[in-house]
Structures are given as C-alpha cells and as structure tokens.
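Tertiary structure, described
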Amino acid sequence: MLKFLVFLITIFSLNTCNNSSKLVLITELPKELSENSGIVSFSETHAWFVEDSGNKNKIYQTNFKGKITKTLEVKKRKNKDWEDLTKDDKGNVYIADTGNNDNKRKDLVIYKIPNPEIEKGDKIDAEAIHFYYPEQEKFPPKKSHLFYDAEAIFYYNNFLYLITKNRSHPFNGEAFVYKIPSIAGNHKAQLVDTLNFCDDWNTCQITSADLAPDGSKLVLLSYGKLFIITDFKDANFSKGKVETIDLESTNQLESVCFLNQSTLLLSDEKKGPTGRNMYSFKLK
C-alpha cells in the first residue's frame, strides 16, 4: 500500500511539473522566479530570466539544475511590467517593459543592457528605448480595440520587433507586429505586419517570441501552442509558411528562446500546483 501511494505521489508530481507530452522538463526554477516572464540564453548550460509586473528590477542567471548563479540589478530602472527578453548579435540584451494589460500606459520602454555574461559586478547599466503606438488614440481604448499589450520581443536586422497580445472583446486573433529602432531615444513604433493564426482566446494570445540564430525561423509562443514561421522575407512574416504545434500543455507558458538552431527553451509561471519550470523542445 505504501509503495502504491509513493507511486501515485510521484506520478502526480511529474504531471504537475510538466503536463505536456511534448515538452521535456529540464528543471524546476527557484522560487525567486515564480513569475518569470522572459528568457534568453547565451550557452547550453544556463539561461537568463526576468519577472513581470511589480517584481524586482533584476535579471537572473539560472543553470539547468535550477540554481541561480548570478543576479544583476538593472540600475535606476523600475520594473513596471517586464515581459520578455531578447539579444542582438553583439550580446546586448533587451528587456521589454511593455506589459500593458489595461492598454493605459504612456510610458512604454525597452531597456538595453550590455552582455550580462561578462558583467563583473552585481549591477548593470541600461539605456532606455522609449516608444509609442501611433495607432492608439485613447488610453484605454474601447474593449474592442485592446490591441496594445505586448509580451513578445525579438531582434532582427538591427531592429527590435514587438508582437502584441490581443486583449480585445470580442477576440479576433489578430496580433500586430511593430518595428522599433534598437537605439536609445523616443520612437514612433512602425506597424509592419498583422498576424492571425487562430481565434481562440485561451490558446492564441502571443506571450513570447524568438528568432533562430541563423534568422530562418521565427517562433511565437502562446498558452499551449507554438507557431513556427519560415520562408519569410524582410519583415513580411505573415507571408511566410506557418506550422502550428500543439504543446498539449495547460500551464501558463510565458517565455521561449532558441538554445541552438534546433532546440528551444521554454518556461512557465507558477500557477497553483503547476508551473515555475524550464523545458526544452526539439524542432524538426
């Protein structure tokens, strides 16, 4: 009887850590990252994370055993709602303070920090890339136009790209792609594309994105799905080929990045008995 109970507890633990048959559990993340919202990787032994709204203005390096190995405070920058991370070809990291659930913010900003891998202290400087959406005229807009939350950022051809998280009612599945210079200043975001993969509120809102190291694949994450875009030219992502992968997960998946050309890292927030994990996913 005791052995049977232990077996049930083990099975329950595995299911609550990873209820997907496609994601491979790497490790449970430390409690400091219960509300992790962005991930970026420089090597195949660890990743960097940030947390979202109301948490510390820090970026955390965590190894694949779930231990925090380095913490950097981003100097003189508040975490209003940090939502995603990306990096450029020089090793700079961009923190998207672009969370905008109520579509009321007029202080949207992306923080650019130098390569955290080589920072020797426990604090790091950040340049501010302020921007606004020229299409937004009311703060907040009416419920049918709640288009201006963004939880996904990636770097491509010297520019930053944001993909919006549609919160409109009724939900139509549209996600806007905005282009922003990757330099400090106050910029008008340029609407360059519109994506629409599906129209289910629960599984089609975009929560993170990343571009493959060779630039051939753009991966978008939602709550339970991956959208892999290939064969695109310039920023015409909607013209590319789209593959949709059901991750068979109901966890609150928040972050994705490329570990290498063929492997993704993903993470989820703590939600009840599940989440706060880092996973890998092998692409075809």
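Residues numbered from 1 in each chain as written. Predicted model: local features only at pLDDT ≥ 70, side-chain atom pairs only at ≥ 80, totals over all residues. Heavy atoms only, no water.

**Here's the deal with the overall build of the protein**
When you go through the protein residue by residue, the secondary structure sums to one helix and 22 strands. Rg of the C-alpha trace for the protein: 18 Å, near the compact-globule value of 19 Å for 284 residues, within the 12% margin. On the principal axes, the C-alpha backbone points of the protein span a range of 65 × 45 × 35 Å. Scored against the burial criterion, the 284 residues of the protein give a buried share of 55%. Of the contacts formed within the protein by residues at least 6 apart in sequence, a portion of 51% connects residues at least 24 apart. Entry remark: accessible area of the protein is about 13,200 Å², with carbon and sulfur atoms responsible for 51%. Separation of charge centres in the protein, based on 38 positive and 38 negative side chains, amounts to 2 Å. (Helix = DSSP H or I, 4+ residues; strand = E, 2+ residues; numbered from the N terminus. Rg over C-alpha atoms; globule rule 2.2 N^0.38 Å. Buried < 20%, exposed > 50% of the residue type's maximum accessible area, 1.4 Å probe, protein only. Contact = heavy atoms within 4.5 Å. Areas by Shrake-Rupley, 256 points an atom, 1.4 Å probe, with all protein chains shown as cover. Lys, Arg positive; Asp, Glu negative; His and termini not counted. Charge placed at Lys NZ, Arg CZ, Asp CG, Glu CD.)

**Side note on the pattern of salt bridges**
Using the criterion set out here, one finds 11 salt bridges in the structure. Between Glu-28 and Arg-276 there is a salt bridge, and its shortest N-O distance comes to 2.9 Å. Of this pair, Glu-28 sits in strand E1 (residues 24-28) while Arg-276 sits in the loop between strand E21 (263-268) and strand E22 (277-282), and the two are 248 residues apart along the sequence. Exposure remark for Glu-28: the relative accessible area of 40% places this residue in the partly exposed category. Taking the relative accessible area as the measure of exposure, Arg-276 reaches 10% and is therefore buried. Connected via shared salt-bridge partners are Lys-80, Asp-97, Arg-105 and Asp-107. (Salt bridge = Lys/Arg side-chain N within 4 Å of Asp/Glu carboxyl O.)

**Some remarks on unusual backbone geometry**
Note that the residue after Phe-139, namely Pro-140, is joined by a cis bond; omega there is 5 degrees. Here Pro-140 is to be found in the loop between strand E10 (127-132) and strand E11 (149-156). A cis amide bond links His-169 to the next residue, Pro-170, at an omega of 0 degrees. Relative to the helices and strands, Pro-170 is located in the loop between strand E12 (159-165) and strand E13 (174-181).

**A short note on the confidence of the model for the protein**
This prediction gives the protein a mean pLDDT of 93; 93% of its residues lie at or above 70. Every residue in residues 1-18 scores below 50 in pLDDT, and together they form 13 contacts with partners more than four places removed in sequence or on other chains. (pLDDT = per-residue confidence, 0-100.)

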